[in-house]
Amino acid sequence: GQNIDQPTEMTATEGAIVQINCTYQTSGFNGLFWYQQHAGEAPTFLSYNVLDGLEEKGRFSSFLSRSKGYSYLLLKELQMKDSASYLCALAGGATNKLIFGTGTLLAVQP
Amino acid sequence: DAGVIQSPRHEVTEMGQEVTLRCKPISGHDYLFWYRQTMMRGLELLIYFNNNVPIDDSGMPEDRFSAKMPNASFSTLKIQPSEPRDSAVYFCASSLGTDYQPQHFGDGTRLSIL
């Protein structure tokens, strides 16, 4: 089976850095995705990790440690528009099938 | 390029009625996914197709739910009869057929069963 754990909510200040953690347990591993979902909208793809290490994409970075079953999403220079839910998704078995965590609701305050 | 297109955007209907949700994937994408999202359970995979063939329907909650993909550009998710507990946002997503490709989501159908 597969299990994904993320904090339910986080609060951060505009201009700051925030790290959203995701831990998982799975019998098979094909990669870990991060999605952003604004209220009332569809999830949109942010990043993908399949090998250990850090993937950087502008203000967003994602890290993976397969041995520890751990990933994080790092958001730098926070902006108000970054207030959203961030979903960790595990590709643990069949090709292209994703299991989503329940998401972390990030509130960015002035 | 057009993204994944879902219709209707909103549906309000009475318990017991049949509901049909529609999805047009991105052209060229081999995989199509149907998800349901609620506050309590988050984003759940209901069923997915590869090249129009259902691959895994283990997430379909019960026999009241059915999904079809008659061709590469169209899929339906049907609920018959509908119940209040089916109220949720239903998303369709598609992706390319190679490994590690991100899924692209439609805007969703917000379904309310009274």
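On a predicted model such as this, the values are computed, not experimentally measured, just so you know.

A word on the overall build of chain A
Then comes step 1: Within chain A one finds 0 helices and 11 strands.
Then comes step 2: When the helices and strands of chain A are listed from N to C terminus, the series reads β-β-β-β-β-β-β-β-β-β-β.
Then comes step 3: Here the C-alpha atoms of chain A give a radius of gyration of 13 Å, agreeing with the 13 Å that 2.2 N^0.38 yields for 110 residues.
Then comes step 4: In terms of its C-alpha atoms, chain A occupies a principal-axis envelope of roughly 40 × 30 × 20 Å.
Then comes step 5: Across the 110 residues that make up chain A, the buried fraction comes to 47%.
Then comes step 6: For chain A, the computed accessible surface area is about 5200 Å², with 49% contributed by carbon and sulfur atoms.
Then comes step 7: Looking at chain A, you have 7 positive and 9 negative side-chain charges, and the mean spots of the two groups are 7 Å apart.

Quick notes on the pattern of salt bridges
All names here are of chain B.
Then comes step 1: As enumerated under the stated definition, the model contains 13 salt bridges over all chains in all.
Then comes step 2: One salt bridge connects R41 with E44, and the closest N-O pair in it is separated by 2.7 Å.
Then comes step 3: A residue is classified by how much of its surface remains accessible, and R41, at 55% relative accessible area, is exposed.
Then comes step 4: Between R64 and D86 there is a salt bridge whose closest N-O contact spans 2.7 Å. Highlighted residues: R64 in the loop between β6 (53–56) and β7 (65–71) and D86 in the loop between β8 (74–79) and β9 (88–95), separated in sequence by 22 residues.

Re the nonpolar core
Then comes step 1: With 21 residues, the main nonpolar core has W34, L77 and Y90 of chain B as its most contacted residues.
Then comes step 2: Looking at this core, the elements with two or more residues in it are β3 (19–24), β4 (31–38), β5 (42–50), β7, β8, β9 and β11 (109–113) of chain B.
Then comes step 3: Excluding residues within four positions of it along the chain, L77 of chain B makes contact with V19, T20, L21, W34, L46, M60, S66, A67 and Y90 of chain B.
Then comes step 4: Of all hydrophobic cores here, the second largest spans 20 residues; its members include V18, W34, L46 and A84 of chain A.

Structural notes on the interface of chain A and chain B
Where interface size is given, it is often the accessible area lost as the parts come together that is meant.
Then comes step 1: On the side of chain B, 23 residues touch chain A, which itself brings 18 residues to the contact.
Then comes step 2: The contact between chain A and chain B buries some 1600 Å² in all, and 56% of this surface belongs to carbon and sulfur atoms.
Then comes step 3: Summed over the shared surface of chain A and chain B, the result is 1 salt bridge.
Then comes step 4: For K97 of chain A, the salt bridge identified is with D56 of chain B, shortest N-O distance 2.5 Å.
Then comes step 5: Summed over the shared surface of chain A and chain B, the result is 3 residue pairs in polar contact (both at pLDDT 80 or more).
Then comes step 6: Elements with a contribution of two residues or more to the side of chain A that touches chain B: β4 (32–37) and β5 (44–49) of chain A.
Then comes step 7: Among the elements that take part in the side of chain A that touches chain B, β4 of chain A stands out by supplying 3 residues, more than any other.
Then comes step 8: Per-class residue counts for the side of chain A that touches chain B are 11 nonpolar, 5 polar and 2 charged.

A closer look at the state of the cysteines
Residue and element names in this part refer to chain A.
Then comes step 1: For the coordinates displayed, the defined rule picks out 2 disulfides over all chains.
Then comes step 2: Paired through a disulfide, C22 and C88 show a sulfur-sulfur distance of 2.0 Å. Taking the sign of the S-S torsion, about -60° here, the bridge from C22 to C88 comes out left-handed. Highlighted residues: C22 in strand β3 (residues 18–25) and C88 in strand β9 (residues 84–90), separated in sequence by 66 residues.

What counts and how
- Every chain's residues receive numbers from 1 upward, in the order its sequence appears when written.
- Numbering of ligands from 1 and lettering of chains from A proceed in the order in which they are written.
- Residues qualify for local features only when their pLDDT is at least 70, as the model is predicted, and side-chain atom pairs are given and counted only at 80 or more; totals for whole chains, interfaces and linings, by contrast, use all residues.
- As a convention, hydrogens and water are excluded, and side-chain values are obtained from all of the structure's heavy atoms.
- For helices the rule is a DSSP run of H or I covering at least 4 residues; for strands it is a run of E covering at least 2, with both sets numbered from the N terminus onward.
- Between the two quantities, the radius of gyration covers C-alpha atoms and the globule rule is 2.2 Å times the number of residues to the power 0.38.
- With a 1.4 Å probe rolled over the protein chains alone, any residue whose accessible area is under 20% of its type maximum counts as buried; one over 50% counts as exposed, and the rest are partly exposed.
- Under the convention used here, a 1.4 Å probe and the Shrake-Rupley method define accessible areas, while residue burial counts only the protein chains that appear.
- Only four residue types enter the charge count: Lys and Arg as positive, Asp and Glu as negative, with His and the chain ends excluded.
- Working definition for charges: the position is that of NZ of Lys, CZ of Arg, CG of Asp or CD of Glu.
- Each salt bridge in this description consists of a side-chain nitrogen of Lys or Arg and a carboxyl oxygen of Asp or Glu lying within 4 Å of one another.
- Residues belong to a common nonpolar core when they are buried Ala, Val, Leu, Ile, Met, Phe, Trp, Tyr or Cys residues joined through side-chain atoms within 4.5 Å.
- In what follows, residue pairs with any heavy atoms lying within 4.5 Å of each other are defined as contacts.
- Reported buried area values correspond to the accessible surface (1.4 Å probe) lost by two parts on association, with both partners' losses combined.
- We define a polar contact as two N or O atoms separated by no more than 3.5 Å, with the added condition that, inside protein, one atom must be a possible hydrogen donor and the other a possible acceptor, whereas residues neighbouring each other in sequence contribute only through side-chain atom pairs.
- Amino acids are sorted into nonpolar (Ala, Val, Leu, Ile, Met, Phe, Trp, Tyr, Cys and Pro), charged (Asp, Glu, Lys and Arg) and polar (every other residue, Gly among them).
- Disulfides are defined as pairs of cysteine sulfur atoms found within 2.5 Å of each other.

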